[in-house]
Amino acid sequence: MLFRSSILLKTIQINIYEVIEKSSKELDDIYILEVIVILLKKINTTISYIKENEIYEDRLLKLKCILEDVNLYILGKKDIKDIKITFRKYYNELELENIEGDLARYNYYNLRLAIDETCRYIEDKSRGEKIRKRLNLQKRLKSNIDIFKNNFNMSSLRFNIALKASLVISTFVFIVGYFNIYEGKWIVLSLALILLPYAEQGSKKAIDRVVGTVVGAIIFELIYRMIDKNIILIGAVFLIALYFALSIKKYNIRCIFTTMTAILAVKMLQPSAVIFKLLEDRVIFVLIAAIVAWLAMNMVFPYRIKNDMKNIMKKYVDFDNETLDSIVQGTISKKDIETITIKNNYFWMRINYINKQMNLSCIEEFLSKQNDIFTNINFTILISGSSKDKSILIKKLLEKINPNLNEEDLFKVYKNIFETSKNDLEKSLIISLYRIYLDKKDIDMLESEIIEKLNIA
């Protein structure tokens, strides 16, 4: 359940980013929604560590009140002033003195700090200027094809399909035109529809189109024999077939009615055309297109969905490592959060899109963990800010992490640093970094598990 809610929140956040980029009005309201979604992400990341028991029941109920108020705000039943009052009330009433246990205290530090941070962002008078700066940054980053697209490379999904489609379609446009093939445009149209980015998708669609076309041709031949050239009935069949061709979602079924509308459209435009010859041509041309498309997608620079998943996952994990290395080296600041967020969104959306085709639960878990780790990374950067002491602390904490150190030993190291820390803010930083370590371990393990499954598939 937490995985699904994490993915849902991330999807909402990405949608808000896109709205902010496209909109020129009411940016303040959109910005406030974005800040609230970030808070919800932080709550979602933290809630799995908060155990339900008698001691913490009251605090969990108060947290529920916050979520209910946020829901009322989204529904337009409360305004932002009411939300701020609820946030501040929760922040002030959340006493930490009676909470026992280091990790338990940390969870509530995190909630308090996240709520306080949310209030400060909502109250920020310069948020309009910050949005404008963000839009400029987003446009610069999205125009950098070296970072995001690498389009002029056969390993690029877009370039791969664009090259194959342009070569295959242009070749058959020339052949059909040069030899003046009667209704040869059906080959070109079928190729344009069947050629898809991934070989698996295209192969399935090619089979669906051939099956739908053959079935449609058989059914139409039987119908046409019964209506016996009756113009009114032909028009009625055309309208019915057109309706189903436009409304049915399942592609192989839709192709049945597409075949009927295509044949009838030609017959109405060219009354002298022979229906049964059109049916024969339609089946043959679609079959040719399907075979050519299958060969192009599977034999000429094949781009398979599992290979794309492996490549993008490797790049995502490399990006995790680069981000953590930058934090260790102290070369990252609050200004870099937007850059990190945009790059993270790019990788996250790609994997989420691919997984809609594959539907693997382990990839959902991977995405959820990525959401958690970047929530904590952003939190860490925001808290540390330009403070030299906190930057040194973060560097010290991250340097303690190494592949040979197990979770129990690292916990002891962090616990010792935790107990000697000066204030709650530092303690929150310590455990945030510890959570990053745990999430990173899970991400590396999940990457290996997913790649193993993809290799077997």
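Just so it is clear, the structure is predicted and the values come from calculations on it, not from any experiment.

(A) Geometry of helix 18 (residues 407-419). Here helix 18 contains 13 residues, and its C-alpha end-to-end distance of 18 Å stays within 8% of the 18 Å for a straight helix at 1.5 Å per residue. Residues of helix 18 that are buried include every one of Leu410, Tyr414, Ile417 and Phe418, and no others. The buried residues of helix 18 occupy an angular sector of 105° when projected down its axis, which confines them to one face. Turned more than 90 degrees away from the buried face of helix 18, the exposed residues are Glu408 and Lys412.

(B) Region of the structure containing the packing of helix 9 (residues 185-194) against helix 13 (residues 275-299). For the pair helix 9 and helix 13, the least separation of the axes is 8 Å and the interaxial angle reads 40°. The angle between the axes of helix 9 and helix 13 places the two elements in the oblique class. Handedness of the crossing formed by helix 9 with helix 13: right-handed. In this structure, helix 9 contributes Trp186, Ile187, Ser190, Leu191 and Ile194 to the contact, and helix 13 contributes Leu278, Asp281, Arg282, Phe285, Val286, Ile288, Ala289, Ala290, Val292, Ala293 and Met297. The residue inventory of the contact of helix 9 with helix 13, partitioned by class, reads 13 nonpolar, one polar and two charged.

(C) Examining the environment of Ala273 more closely. Note on placement: Ala273 falls in the loop between helix 12 (251-269) and helix 13. Take Ala273: its relative accessible area is 7%, and that puts it in the buried class. With 10 residues separating them in the primary sequence, Ala273 and Ile263 have C-alpha atoms 9.7 Å apart. For Ala273, the contacting residues outside a window of four places in its chain are Tyr182, Lys267 and Leu278.

(D) How the structure looks around the environment of Thr341. With respect to the helices and strands, the residue Thr341 is situated in helix 15 (residues 336-358). With 37 residues separating them in the primary sequence, Thr341 and Asn378 have C-alpha atoms 8.5 Å apart.

(E) Seen up close, the packing of aromatic side chains. All told, the structure shown has 14 aromatic pairs when counted by the stated rule. On the basis of an interplanar angle of 25° and a centroid distance of 5.4 Å, the ring pair of Phe174 and Tyr178 is categorised as stacked. Residue Phe174 and its partner Tyr178 are both found in helix 8 (residues 157-178); the two are separated by four residues, about one turn of the helix. On the basis of relative accessible area, Phe174 is assigned to the exposed category, the value being 54%. One aromatic cluster is present, formed by Tyr316, Phe319, Tyr346, Phe347, Phe366 and Phe374 through successive ring pairs. The cationic tip of Lys205 hangs over the ring face of Tyr251; the distance from NZ or CZ to the ring centre is 4.6 Å.

(F) View of the nonpolar core. Met309, Tyr316, Ile351 and Phe366 are the most contacted members of the largest nonpolar core, which has 43 residues in total. Elements that contribute at least two residues to this core include exactly helix 1 (2-22), helix 14 (305-329), helix 15, helix 16 (361-384), helix 18 and helix 19 (424-456). Sequence-distant contacts of Phe366, defined by excluding residues within four places in its chain, comprise Met313, Tyr316, Val317, Ile351, Ile443, Leu446, Glu447 and Ile450. By size, the runner-up hydrophobic cluster in this structure holds 40 residues, among which are Val168, Phe238, Val266 and Phe285.

(G) Main features of the pattern of salt bridges. The final tally for this structure, using the stated rule, is 11 salt bridges. The salt bridge partner of Lys78 is Asp69, with a shortest N-O separation of 3.2 Å. A relative accessible area of 12% places Asp69 in the buried class. Between Lys314 and Asp318 there is a salt bridge; the shortest N-O distance is 3.1 Å. Residue Lys314 and its partner Asp318 are located together in helix 14, separated by four residues, close to a single helical turn. Given the relative accessible area of 48%, Lys314 is considered partly exposed. Residue Asp318 is classed as partly exposed on the basis of its relative accessible area, which comes to 31%. Connected via shared salt-bridge partners are Lys369, Asp439 and Asp442.

(H) Seen up close, helix 9. Three or more residues of helix 9 are buried, namely Trp186, Ile187, Val188, Ser190, Leu191 and Ile194. Considering only its buried residues, helix 9 is in contact with helix 8, helix 10 (199-227), helix 12 and helix 13.

(I) Structural view of a nonpolar patch on the surface. Nonpolar side chains collect at one region of the surface, where Leu287, Ile291, Trp294, Leu295, Met299, Val300 and Phe301 lie side by side and expose about 670 Å² of accessible area between them. Relative to the elements of secondary structure, Met299 occurs in helix 13.

About the cut-offs
Sequence order as written defines residue numbering, which begins from 1 separately in each chain. Confidence filtering applies because this is a predicted model: local features only for residues at pLDDT of at least 70, side-chain atom pairs given and counted only at 80 or more, and all residues used for totals across whole chains, interfaces and linings. Hydrogens and waters are ignored; side-chain quantities use all the structure's heavy atoms. Secondary structure elements are taken from DSSP: a helix is a run of H or I of four residues or more, a strand is a run of E of two residues or more, and numbering for both begins at the N terminus. Every helix has an expected span of 1.5 Å times one less than the residues it contains. Each residue is placed in one exposure class: buried if its accessible area under a 1.4 Å probe, protein chains only, is under 20% of its type's maximum, exposed if it is over 50%, and partly exposed if it falls in between. The arc in question is the one traced by the directions running from the helix axis out to the C-beta atoms. Note on geometry: axes are C-alpha line fits, over the in-contact stretch for helices, and angles between N-to-C directions span 0 to 180 degrees. What sets the label is the angle itself: under 35 degrees gives roughly parallel, over 145 gives roughly antiparallel, 65 to 115 gives roughly perpendicular, and the rest give oblique. Should the near helix be turned anticlockwise from the far one by less than a right angle, the crossing is left-handed, and should it be turned clockwise, the crossing is right-handed. Contacts are residue-level and defined by heavy atoms, with any inter-residue pair within 4.5 Å sufficient. Residues are grouped as follows: nonpolar covers Ala, Val, Leu, Ile, Met, Phe, Trp, Tyr, Cys and Pro; charged covers Asp, Glu, Lys and Arg; every other residue, Gly included, is treated as polar. Paired rings are identified among Phe, Tyr and Trp, the last through its six-membered ring, by centres lying within 6.5 Å, and are further divided according to the angle between planes into stacked (under 30 degrees), edge-to-face (over 60) and tilted (the rest). Definition used: whenever NZ (Lys) or CZ (Arg) falls within 6 Å of the ring centre and also within 35 degrees of the ring normal, the charge is taken to sit over that ring. As used here, the term nonpolar core means buried Ala, Val, Leu, Ile, Met, Phe, Trp, Tyr and Cys residues forming a set that is joined through side-chain atoms within 4.5 Å. Salt bridges, as used here, are contacts in which a Lys or Arg side-chain nitrogen is within 4 Å of a carboxyl oxygen on Asp or Glu. A patch consists of residues whose relative accessible area exceeds 30% and which take part in no salt bridge; residues with like charges are grouped when within 9 Å of each other, and nonpolar side chains (Val, Leu, Ile, Met, Phe, Trp, Tyr) when within 5 Å. Accessibility throughout is a Shrake-Rupley quantity obtained with a 1.4 Å probe, and a residue counts as covered only by protein chains that appear here.

Read these as geometric descriptors, not functional statements.
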